[in-house]
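# Descriptive structure summary
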Amino acid sequence: MTSRTSLSSWSALQQQALRFKSIHLNDLFAGDQQRFTKFSVELPNFVFDYSKQRIDDNIKADLIKLAEQCDVEGWRTKMFNGEHINITEDRAVLHVALRDRKQRSLLVNGDNVASEVTRELDRIEIFVNAVRSGEWLGYSGQAIKDVVSIGIGGSHLGPQMVTDALSTYADHTLNVHYVSNVDSAQISATLGSLNPATTLFVIASKTFTTSETMTNAGTAFEWLTTAAAKAGVSDAKSAVAKHFVAVSSNVKAAVDLGIDEQNIFCMWDWVGGRFSLWSAIGLPIALFLGFEQFIELLEGAHEIDEHFLNAELANNVPVLMALLSVWNTSFMEFPAQAILPYDQVLHMLPAYLQQAEMESNGKSVVRNGENTEYETVPLIWGEVGINGQHAFYQFLHQSPAVIPADFIGSVESVAPIGKHHDVLMSNFFAQSSALMSGVSAQDIRAELTAKGMPAARIEDIVPHKVHRGNRPTTSILLNKVTPHSLGNLIALYEHKIFVQGVLLDICSFDQWGVELGKVIAKKIETDIANDNVGENELMANYDVSTASLMTRYKANRRRS
Ligand code: F6P
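Bear in mind the structure is a predicted one, so any value in this text is a computation, not a measurement.

## Digging into the domain arrangement of the protein
The domain boundaries assigned to the protein delineate domain 1 (29-69 + 311-437 + 471-504), domain 2 (95-295) and domain 3 (512-556). Between the C-alpha centres of domain 2 and domain 3 the distance comes to 34 Å.

## Here we look at helix H20 (residues 455-465)
Looking at H20, one finds that the buried residues are Ile 458, Ile 461 and Val 462. Looking straight down H20, one finds its buried side chains confined to an arc of 120 degrees; they lie on one side. Structural note: H20 exposes Ala 456, Pro 463 and His 464 on the side pointing more than 90 degrees away from its buried face. Summarising the contacts, the buried residues of H20 are in contact with helix H19 (441-450).

## Thoughts on the pairing of strand E1 (residues 40-43)
Pairing of E1 with strand E2 (residues 46-49) involves four bridges; the strand directions are antiparallel. Considered in E2, the bridge of Ser 40 is made with Asp 49.

## Section: the pairing of strand E7 (residues 199-204)
Most of E7 is tucked away: six of the six residues are buried. Both faces of E7 are covered, namely the face carrying Thr 199, Phe 201 and Ile 203 and the face carrying Leu 200, Val 202 and Ala 204. For E7 and strand E8 (residues 244-248), the ladder comprises four bridges, and the chain directions are parallel. Its bridge partner being in E8, Val 202 is matched across the sheet by Val 245.

## Considering the packing of aromatic side chains
For the structure shown, the criterion picks out 21 aromatic pairs. Ring centres of Phe 80 and Phe 308 lie 6.3 Å apart, and the angle between their planes is 45 degrees; this geometry places the pair in the tilted category. On the criterion of sequence distance, the pair formed by Phe 80 in helix H5 (residues 72-80) and Phe 308 in helix H13 (residues 291-310) is long-range, its members being 228 residues apart. Summarising the aromatic geometry, the rings of Trp 268 and Trp 270 are spaced 4.8 Å apart at their centres and angled 10 degrees between planes, so their arrangement reads as stacked. Overall, Trp 268 belongs to the buried group, its relative accessible area being 8%. With relative accessibility at 5%, the residue Trp 270 sits in the buried group. A connected cluster of aromatic rings, assembled from ring pairs, spans Phe 80, Phe 275, Phe 308, Phe 498 and Phe 509.

Calculation criteria
Residues numbered from 1 in each chain as written. Predicted model: local features only at pLDDT ≥ 70, side-chain atom pairs only at ≥ 80, totals over all residues. Heavy atoms only, no water. Domains from an automatic or database assignment. Buried < 20%, exposed > 50% of the residue type's maximum accessible area, 1.4 Å probe, protein only. Helix = DSSP H or I, 4+ residues; strand = E, 2+ residues; numbered from the N terminus. Arc of directions from axis to C-beta. Contact = heavy atoms within 4.5 Å. Pairing = 2+ DSSP bridges. Phe/Tyr/Trp six-rings, centres within 6.5 Å; stacked < 30°, edge-to-face > 60°.

So, in structure tokens, the structure goes:
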């Protein structure tokens, strides 16, 4: 028995799950008029409604007990105090310090984190203002018009998700583009429409060793320096200094690549990549929106940090989100979790949360190295709600698998036109309601009879039209997507993931599972580049499937 499964709350919840498998949400709502009031939390910018989750008062009490027995509050204190809770990498986890403008002084490894954060934010402000005002000039003396951010994973998803989500707040002084994939199709399409003389590159990589990012950075270097040379700029170094900045914790590697040291923004090892958009990794956001709006985003996140720190467990939204996830996954054994934004601007939220949650807690050993005896995180996936309705909602409504879903929408549209938003939000309310209530055979019979269908035909059709319902959902209804409320939303999920890790007894802040593939890819890259490595050697060094595919690739590729 691991530390979690031996807890009294864990066994109680196992019993509750057995009992609850046959209880329908319709009955829970019918039996309790206070259900919404009881199972929702209202904060200034949104309401969090978890009344359509498959829980009751007893289950909630046991879940809170689980949070207590797992010492969520103690772990929270450790995180905010800068203790090395990333045990396998021996690091603090302090993304909350990036948005704490109250300057809580905090020493991590002897450095005052608060003053470092302020210093870096000041540098960001100066740089952003210089570029946006046109004071920062490219090699031909022209102002910057386009920014290309090169990075992947945590150095890409957060910044692009936020840039897209807040595009209606941008003044379009600058266009911001993202290149993450090493597939040359992406960078060539991006650079194809840009003028090198007015393009600035942000190379975002915490480690500055990520192969995809380094390859793309090399291509960007060549593109820029070739154009500068053609324009008569003989000093490539000075051209690079005007067009390349980096964000990294590995300053040496950035300098070695040729980036001017003055142009390197700092990252710290106490900020995990997938929690880093609040640092200089968010530079493209600040360049796009302006520094003030970037600060508003940080303030929104900080507001949730305060809520997470101060609200009692029973009304603490990130804690509730994590408890519901563990309830659904580890106890009810639902295998996946859908993220369904009913706000087009949040279209990248599912992809962002995939990395945030699955890279953090998609693990199967607990902190002391023993195997977990329970499912950890669900498969996170999703799509903008209304598009998903015409793709996979059939599965959500009628497949044997029950997939809990988060519905995220806003009272106010960021770009209102006529009745569009009412149509959109009617679907939000309808879908979460339908997933809960379903429709019974009896109701379908009545409907088809009323339409005049012959009785024999009705019986053929009825089973196909039954929706069992009882599919749990949470609704997060924002007032409106703004820099502040988006900061709220992202921080909610960040803390949910942290608490989920505590409840599951997982180290959430490493990602060893992505290393093995990277190491093998490096070796394959060498063998693919080397014409002297033939089929026999490949067969000797790889499994027969991989060796055969590589042989075919090498024999048929065309080199550029
Ligand atoms: O996917 C693995 C990973 O290490 C992520 O954790 C990280 O966000 C991403 O690669 C990019 O890493 P870096 O910022 O060091 O280039």
